[in-house]
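Structural characterization, general
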Amino acid sequence: QIFFCIVTGIPVMRTPLQILFLILVTDLPPSIALGMEPGEKTILKERPRPKDEPVVLGWMWLSMVMNGAVLSAVIIGVYIVSLMHYCDGKVFQADI
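Only a predicted model underlies this, so the values are computations on that prediction, with no experimental measurement involved. (Residues numbered from 1 in each chain as written. Predicted model: local features only at pLDDT ≥ 70, side-chain atom pairs only at ≥ 80, totals over all residues. Heavy atoms only, no water.)

Now for the overall build of the chain. In terms of helices and strands, the chain carries three helices and zero strands. For the chain, the succession of helices and strands along the chain, N to C, is α-α-α. Compactness check: the chain gives a C-alpha radius of gyration of 21 Å against a globular reference of 12 Å for 96 residues, more than 25% above the reference. A burial count over the chain gives 8% of its 96 residues as buried. Counting only contacts in the chain whose residues sit at least 6 apart along the sequence, the fraction spanning at least 24 positions is 55%. (Helix = DSSP H or I, 4+ residues; strand = E, 2+ residues; numbered from the N terminus. Rg over C-alpha atoms; globule rule 2.2 N^0.38 Å. Buried < 20%, exposed > 50% of the residue type's maximum accessible area, 1.4 Å probe, protein only. Contact = heavy atoms within 4.5 Å.)

Below is the structure:
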């Protein structure tokens, strides 16, 4: 999204401080949850997955790409609409 804003000349939607805050807020709770989760006693007795079996399957790749594309399109769309609404119809950095 930031790359899109830079390429098209739209004001960047997040400052570096906002990016660091988002990383802190979105990564900290799952990390704490994973650290507090009790371990499985039989995990070492399970056989490892075969070498030829991929970690991420094809349908998982498709799901991740589609999820990212839809989220990016919605976020950029809402950002452009909000720029038009709050910046008197001006969208580009040079106009603002």
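On to the nonpolar core, then. In terms of nonpolar packing, the biggest core is built from seven residues, these being C5, I10, M13, I76, Y79, L83 and V91. Per element, the largest residue contribution to this core is three residues, and it comes from helix α3 (residues 58-86). Leave out the neighbours within four places in its chain, and M13 touches Q1, C5, Q18, I75, I76 and Y79. (Core = buried A, V, L, I, M, F, W, Y, C linked by side-chain atoms within 4.5 Å.)

Once that is clear, we can look at the state of the cysteines. Under the definition given, this model contains zero disulfides. Of all cysteine sulfurs, the one in C87 lies closest to C5, which takes part in no disulfide; the gap is 12 Å. (Disulfide = S-S within 2.5 Å.)

Our focus in this paragraph is α3. Since one α-helical turn is 3.6 residues long, residues separated by three or four positions face the same way. Compared with an ideal rise of 1.5 Å per residue, which puts 29 residues at 42 Å, α3 spans 42 Å between its outermost C-alpha atoms and is within 8% of the ideal. The complete set of buried residues in α3 reads I76, Y79 and L83. On its buried side, α3 packs onto α1 (2-8). (Expected span 1.5 Å × (residues − 1).)

Looking at the secondary structure, you find A33 in helix α2 (residues 16-36). On a C-alpha basis, the gap between A33 and S72 in space is 27 Å, while along the polypeptide they are 39 residues apart.

What follows is about a nonpolar patch on the surface. A surface patch of nonpolar side chains, about 710 Å² in accessible area, is lined by F21, L22, L24, V25, L28, I32 and M36. In this structure, L22 sits in helix α2. The exposure class of L22 is partly exposed, given its relative accessible area of 38%. (Patch = residues over 30% accessible without salt bridge, like charges linked within 9 Å, V, L, I, M, F, W, Y side chains within 5 Å. Areas by Shrake-Rupley, 256 points an atom, 1.4 Å probe, with all protein chains shown as cover. Salt bridge = Lys/Arg side-chain N within 4 Å of Asp/Glu carboxyl O.)

Before going further, it helps to spend a moment on α2. If you check α2, its first and last C-alpha atoms are 30 Å apart, about what 21 residues at 1.5 Å a residue would give, namely 30 Å. The largest bend along α2 measures about 30° and falls at D27, with the proline P29 one to four residues further on. (Bend = angle between axes of the 7 residues up to and from the residue.)

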